[in-house]
Amino acid sequence: MQRNTTRQWVAILTAALLLSGCSGPWNDPNPATDQDKTTYFGSFITRPKHLDPVRSYSAEEGLFLDQIYEPPLQYHFLKRPYELQPATAAAMPTLELLDENLNPLPEDSWEAAFSRITIRLKPDTFYQPHPALARDQQDYPRYFFDNSQQSDGYKLLSDFPVTGTRELNADDYIYQIKRMADPINKSPLIGLMSDYIVGMKEFGEWAKAARTDDQWLDLRNRDIEGLEKIDDLTFSIRINGIYPQFQYWLAMRFFAPVPWEADRFYHNPGFADKNLVLDWNPIGTGPFMMTVNSPNREIVLERNPNYRQDYYPSEGSGDDAKRGYLADAGKQLPFIDKAIFQYEKAATSMWSKFVQGYYDRSGDGNPNINTATFDQAFTVGPGGLELTPELEQRDIIVDEEIRPSLYYTGFNMLDPVVGGYTEDKRKLRQAISIVYNDQEYIDIFRNGIGQVAQGPIPPGLYGYAEGKEATNPYIFDWDEATGTPKRKSVDYAKQLLAEAGYPNGRHHETGKPLILYMDTTAADSSPRSDWIKKQLAKIDVQLEFRTTDYPRFKEKMRQGNTQMFGWGWLADYPDPENFLFLLDSRQWLVKCQCDGSNSTNYDNAEFDQLYDKVKALPNGPERLSAINRMVEIVQQDSPWIWGFNNKDYYLSNQWVFNTKRHGISQGTLKYLRLDPELREQKQDEWNRPVVWPLMASIGLLVLLVVPGIRAYRRRQKLTIQTKS
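Conventions and cut-offs
- Throughout this document, residue positions are counted from 1 along each chain, in the order its sequence is written.
- Reporting in this predicted model follows two pLDDT cut-offs: at least 70 for local features of residues, and 80 or more for side-chain atom pairs to be given and counted; totals over whole chains, interfaces and linings ignore these cut-offs and use all residues.
- Each side-chain value is derived from all of the structure's non-hydrogen atoms; neither hydrogens nor water enter the calculation.
- Convention adopted: a line fitted to C-alpha atoms gives each axis, helices being fitted over their contacting stretch, and angles between N-to-C directions are expressed from 0 to 180 degrees.
- The way it works is that DSSP assigns letters per residue, a run of H or I at least four long becomes a helix, a run of E at least two long becomes a strand, and they are numbered from the N terminus.
- Put simply, angles under 35 degrees are roughly parallel, angles over 145 are roughly antiparallel, angles from 65 to 115 are roughly perpendicular, and the rest are oblique.
- The crossing is said to be left-handed when, going from far helix to near helix, the turn is anticlockwise and less than a right angle, and right-handed when the turn is clockwise.
- Contacts are residue-level and defined by heavy atoms, with any inter-residue pair within 4.5 Å sufficient.
- The residue classification treats Ala, Val, Leu, Ile, Met, Phe, Trp, Tyr, Cys and Pro as nonpolar and Asp, Glu, Lys and Arg as charged. All others, Gly included, are polar.
- Any two strands with at least two DSSP-identified bridges between them are counted as paired.
- Only Phe, Tyr and Trp rings take part, Trp by its six-membered ring, and two of them pair if their centres are within 6.5 Å. Stacked means planes under 30 degrees apart, edge-to-face means over 60, and tilted covers everything else.
- Each residue is assigned to one of three classes by its accessible area relative to the maximum for its type, calculated with a 1.4 Å probe on protein chains only: buried under 20%, partly exposed between the two thresholds, exposed over 50%.
- Placement of a charge over a ring requires the Lys NZ or Arg CZ to be within 6 Å of the ring centre, with the centre-to-atom vector within 35 degrees of the ring normal.
- Should a side-chain nitrogen of Lys or Arg be within 4 Å of a carboxyl oxygen of Asp or Glu, the pair is scored as a salt bridge.

Draft legend 1. Looking closely at the packing of helix α12 (residues 438-445) against helix α14 (residues 527-537). It is at 12 Å that the axes of α12 and α14 come closest, and there the two elements cross at 160°. Taken together, α12 and α14 sit at an angle that is classed as roughly antiparallel. The way α12 lies across α14 gives a crossing that is right-handed. Seen from α12, the contacting residues are Glu440, Tyr441, Ile444 and Phe445; seen from α14, they are Pro527, Arg528, Trp531 and Gln535. Of the residues that constitute the contact of α12 with α14, the class distribution is five nonpolar, one polar and two charged.

Now the structure itself:
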């Protein structure tokens, strides 16, 4: 017994020693993968709700869909300002201006009844392998069922033994636009696009009337007047009036192709009960296809074996070459074979796995670095934000992107106190804007991440300007010594307030204190609320918060029953029109009694006239001049406290290349390159187990147990000898 027991303890100790030297970290949370394939390990914290491109409008869904679906156009990965380029289109679309009789007009016409956009597609673009495209020997779709009994054996896409593919054609894009017009699909673009695409509204009415039950409605049975198929690879879209910004919509997943076969396949009887629907199972022509959709655990994308010829860009902007973003110029895409995105419930868990090297980047989607992890990533040094020493030692890559966004505080221009367009009303709003120190807000509540806005156009868009000429002269002075804007003094703000009729914060006639109200959905006792109150108190203005739930807040906004409020806008597309329209009087919340974009109910006739001009003009001196004048108008009227433009920071581990982020598109996974060998080396290095306490404990246990066993054994021998 002694010999056997001793051997057991020796075996335990030997096993511990062997484990301590085995390859691979003990705590690796990632699944085993094929060593011959390059796998990206990422994460997501918000589960997608919609994976149908005609319905999806969130960044969380774009993280996946923008890798799968391909609209005709895409954004250049590297160039700033953002630039459109062909995706499945063979070239940029052509534009014709037409009169009411569809006769061509000169290119420089200011007025046109219609615009016709013609798109020519690249040949040899094929869909991913998919059962919807599988055909039998008679060339009939293999998996179109007449009743739910025929589909009983199929619960997942992987249950279908045969898949097929076919070439992308013009009909697929036309069919998708029809799906957008069909009210049953609840596309968020149906209202806007019905105003532009000729005949789309009438098509929607037909679809609503023609659908008598939940069965599939073949949308090929009726045409949309403004859509024309010219040949298998060419189609045109006719829209009302002149709208150059329409080209940006052609880079959004709403306009990605969906083959009619897929629409019919996902309407098979019984499929909806199994969640075999397009809203859960995408089908695209992009570089990746979704092979696992388990959003409570993981989502897996794998290389589309049918992906067309696509190459890494050879041009960039700024310091792209210096940062190595052009090292892969001309190489075929994508670089990775598989991407596994793990669901994380907390940012802290996501962060810890990143610093251990198990996630390639600190997060996917937006935000990448948030308040929960910021202090673990950055410190504030003499030169501004710096990586913590730990991350600096690990050669962590930092990318930043000022997204086309604006977060502002609005004044209701219909309010009798803060609204109006007389000089005293302007001075009141300007005085408040001066003491509302946005830079201080950024430093305190956003860890210094953000850029103070001078007007309605954020960085990265045409018309954005920097320097002395772009500085808002009503809120800032230009500091020649530092070459930066300097906020006007509190004393000057008090002077403006007095000229507005409120000396020392009291009405010049009644002597009553000036009390303003900010409507919000957050508690008025928060640190942010206290900070805002202190800002206005600098000029003896009192501020009170009126807190309601979100539905009530929205209703008050529509009715014009607010005074001040916080608001924000993130660009749908990178054009100044997408921000200037927020101040177009025809988009009043009160006037249109809808979810209009003009939250302040701002109304300036000159601004509206210039807006119509800017909306119709291509980029050039005439458009830029009109934009500059619009900025001057709203700087003087001050309907907003201009707030700040958001800045995002992204961290990547040292084995990740081409890490530049895009402020509009998330379809950048195909550009990402990895060094798996370096990743494995660093994971081992950073996660070496500390085994000496275990060894010491086992050794101590052996030292304690073995003598006891020996003593017991001796007593047993003595007992046997005595009995014998």
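Draft legend 2. Broad picture of the sheet that holds strand β19 (residues 515-520). Here we have six strands laid out as an open sheet, ordered β16-β22-β15-β21-β19-β20, and mixed in their pairing. The sheet is open, and its two edges are formed by β16 (451-452) and β20 (542-547), each paired on a single side. Here two bridges tie β16 to strand β22 (residues 640-645), and the two strands are oriented antiparallel to one another. Bridging from a neighbouring strand, Gln451 pairs with Asn645 of β22.

Draft legend 3. Layout of the packing of aromatic side chains. If you walk through the whole model with that rule in mind, you get 46 aromatic pairs. Considering the side-chain rings of Trp351 and Phe354, the 5.5 Å spacing of their centres and the 45° angle between planes classify their relative orientation as tilted. Taken together, the positions of Trp351 and Phe354, both in helix α8 (residues 347-355) and three residues apart, correspond to about one turn of that helix. Overall, the relative accessible area of 4% leaves Trp351 in the buried class. Geometrically, the ring pair formed by Trp569 and Phe581 is edge-to-face, given 5.5 Å between the ring centres and 70° between the ring planes. With Trp569 in strand β21 (residues 564-570) and Phe581 in the loop between α16 (577-580) and α17 (589-592), this pair connects stretches of sequence that are 12 residues apart. Using a relative accessible area of 22% as the deciding quantity, one classes Trp569 as partly exposed. The class for Phe581 is buried, based on a relative accessible area of 16%. Every member of this aromatic cluster is reached through a ring pair, and the members are Tyr143, Phe145, Tyr154, Phe160, Phe265, Tyr266 and Phe271. One cation-aromatic arrangement involves Arg264 over Phe144; the distance from NZ or CZ to the ring centre is 4.7 Å. If you follow Arg673 out to its NZ or CZ, it ends over the ring of Phe657, 4.4 Å from the centre.

Draft legend 4. Looking closely at the pattern of salt bridges. Following the criterion strictly, the structure yields 48 salt bridges and no others. Asp171 is paired through a salt bridge with Lys229; the nearest N and O atoms lie 2.9 Å apart. Here Asp171, found in helix α3 (residues 170-181), pairs with Lys229, found in strand β7 (residues 227-231); they are 58 residues apart in sequence, far enough to count as distant. Exposure remark for Asp171: the relative accessible area of 36% places this residue in the partly exposed category. Across the salt bridge formed by Asp310 and Lys670, the nearest N and O atoms sit 2.9 Å from each other. In this pair, Asp310 is assigned in the loop between β10 (298-303) and β11 (338-343) and Lys670 in the loop between β24 (656-657) and β25 (673-674), connecting sequence segments 360 residues apart. As far as burial versus exposure is concerned, Asp310 and Lys670 are alike and both buried.

Draft legend 5. Representation of the pairing of strand β8 (residues 234-240). The buried fraction of β8 amounts to six of the seven residues, a majority that puts the element mostly inside the structure. The sheet contact formed by strand β6 (residues 114-120) and β8 spans seven bridges and is antiparallel. Looking across to β8, one finds that Ser115 is bridged to Ile239. For β7 and β8, the ladder comprises four bridges, and the chain directions are antiparallel. Bridge pairing links Asp231 to Thr234 in β8. Between the end of β7 and the start of β8, which pair antiparallel, lie two residues.

Function cannot be read off these values alone, since they describe shape.
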